[in-house]
Amino acid sequence: MTAETDIPSTATRGRFITFEGGEGSGKSTQIRLLAERLDVEGVRAIVTREPGGSPGAEIIRHVLLSGVGKMLGAEAETLLFIAARDDHVRNVIEPALAQNIWVLCDRFADSTRVYQGHAGKVDLQLLDAMERVTIGALKPDLTLLLDVPVDIGMQRASGRRGADTPDRFEAENVDYHRKLRDGYLAIARREPERCILIDATKTPDNVANDIWAALVQRGLVVRQPETQRS
Ligand code: Z5A
């Protein structure tokens, strides 16, 4: 758990950037591209994900994606996501930020709000309380919300999956995935200072350029992307 007083000033602290979006929105692809660009710029960064990212949380990830968590009911499944996050924050995210290392995280607390709250109908006040206990004052410096229409995202995800069985969330129906998209768009409207909505229907390189431009706009990096330099 994170106490507010444990967080040093941003001058000596790494930046915390989260990637959010529905299925097949291209988060993993874009995190990799951003990590490569930051490396070129000499910024130390780690790439991590939720659920998972630490040894304990990866075990919980396996339980969640297998569908066992769903069988326990919505609230208990949510508690598993929260337990995984608690381990991840304490053992990976906070230590990296404290060493002035940037953390690029594939999904974070917005996923819980959208998947368990907006689409799964878990009480939002309960989620607020769990968030306070788990992440305290830890807030992303920037959240990139990768937006694609549901049919495009589902096509991409099924193309990547091939003959493999869909996991617990991929197996949900189109209405569920529409609710997810609505949930993310609502967060983007509600918290424009933290969130930037990215049109993720563009080519991977163009999405990466838009993401870099978003970092420049927020003052997190100063240089233009490679492809825009003469
Ligand atoms: N979950 C939750 O319920 N509550 C929580 O609190 C948290 C998570 C933290 C984790 O699944 C599940 O847990 C997630 C929500 C839930 N469920 N779902 N769905 P995961 O980690 O296994 O998967 P994911 O996070 O959902 O990732 P994804 O949607 O499967 O993929 P992605 O990272 O967004 O996309 P990608 O792998 O980069 O790309 C997908 C494919 O599209 C791939 O073939 C790419 O080559 C292609 N792609 C990528 N970008 C493009 C563009 N721009 N154009 C064309 N094709 C592209």
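Structure: above.
Thresholds, definitions, all that
Residues numbered from 1 in each chain as written. Predicted model: local features only at pLDDT ≥ 70, side-chain atom pairs only at ≥ 80, totals over all residues. Heavy atoms only, no water. Near = heavy atom within 4 Å. Polar contact = N/O pair within 3.5 Å; in protein donor to acceptor, adjacent residues only side chain to side chain. Areas by Shrake-Rupley, 256 points an atom, 1.4 Å probe, with all protein chains shown as cover. Helix = DSSP H or I, 4+ residues; strand = E, 2+ residues; numbered from the N terminus. Nonpolar A, V, L, I, M, F, W, Y, C, P; charged D, E, K, R; others polar. Phe/Tyr/Trp six-rings, centres within 6.5 Å; stacked < 30°, edge-to-face > 60°. Buried < 20%, exposed > 50% of the residue type's maximum accessible area, 1.4 Å probe, protein only. Core = buried A, V, L, I, M, F, W, Y, C linked by side-chain atoms within 4.5 Å. Contact = heavy atoms within 4.5 Å. Axes fitted to C-alpha atoms, helices over the stretch in contact; angles between N-to-C directions. Parallel < 35°, antiparallel > 145°, perpendicular 65-115°, else oblique. Left-handed = near helix turned anticlockwise from the far one by under 90°. Pairing = 2+ DSSP bridges.

Some thoughts on the site of the ligand
1) Next: Near the ligand you find 27 residues, and of these Gly-24, Ser-28, Thr-29, Arg-107 and Thr-112 are the closest.
2) Next: Here a nitrogen atom of the ligand sits 3.5 Å away from a polar atom, N or O, in the main chain of Pro-204.
3) Next: Surface burial for the ligand is 84%, taken as the share of its 1100 Å² of free accessible area covered by protein chains.
4) Next: Mapped onto the shell around the ligand, the elements with two or more residues apiece are helix H1 (27-40), helix H2 (55-66), helix H4 (74-98), helix H5 (109-119) and helix H7 (150-161).
5) Next: A total of four residues in the shell around the ligand trace back to one element, the largest contributor, which is H5.
6) Next: Residue classes in the shell around the ligand are distributed as seven nonpolar, 10 polar and 10 charged.

A short note on the packing of aromatic side chains
1) Next: Applying the stated criterion to the full structure yields four aromatic pairs.
2) Next: With a centroid separation of 5.9 Å and 55 degrees between ring planes, the pair formed by Phe-81 and Phe-169 is classed as tilted. Separated by 88 residues along the polypeptide, Phe-81 in helix H4 and Phe-169 in the loop between H7 and helix H8 (174-190) bring together distant segments of the chain. Here Phe-81 and Phe-169 have matching classes, each one buried.

Here we look at the nonpolar core
1) Next: Ranked by internal contacts, the top residues of the largest apolar core, which has 22 residues, are Leu-144, Ile-211 and Leu-215.
2) Next: The set of elements that each furnish at least two residues to this core consists of strand S1 (16-21), H1, strand S3 (102-106), strand S4 (142-147), strand S5 (195-199) and helix H9 (204-217).
3) Next: For this core, the leading source of residues is H9, giving five residues.
4) Next: Residues within four places of Leu-215 in sequence aside, it is in contact with Ile-17, Leu-34, Trp-102, Leu-142, Leu-144, Leu-220 and Val-221.
5) Next: Membership of the second largest hydrophobic core comes to 16 residues, among which are Ile-60, Phe-81, Tyr-115 and Tyr-176.

Overview of the packing of H5 against H8
1) Next: Relative orientation of the contacting elements H5 and H8 amounts to 130 degrees, with a least axis distance of 9 Å. The orientation of H5 with respect to H8, classified from their angle, is oblique. Crossing handedness for the pair H5 and H8: right-handed. The segment H5 lies against H8, with Asp-110, Ser-111, Arg-113, Val-114, Tyr-115, His-118 and Ala-119 engaging Tyr-176, Lys-179, Leu-180, Asp-182, Gly-183, Tyr-184 and Ile-187.

Points about the sheet that holds S3
1) Next: One open sheet holds the five strands; their spatial order is S2-S3-S1-S4-S5, and the pairing between them is parallel. Each having just a single partner strand, strand S2 (45-49) and S5 make up the two edges of the open sheet. Recorded for the sheet is a direction-independent mean angle of 20 degrees between the axes of neighbouring strands.
2) Next: Bridge count for S4 against S5 is five bridges, and the pairing is parallel. From the neighbouring strand, Leu-145 faces S5, where its bridge partner is Leu-197.
3) Next: Lying on the sheet, H1 is in contact with S1, S2, S3 and S4; it crosses S3 at an angle near 165 degrees.

Points about the side chain of Arg-161
1) Next: Positionally, Arg-161 belongs in helix H7.
2) Next: Not counting residues within four places of it along the chain, the set of residues in contact with Arg-161 comprises Glu-23, Pro-166 and Glu-170.

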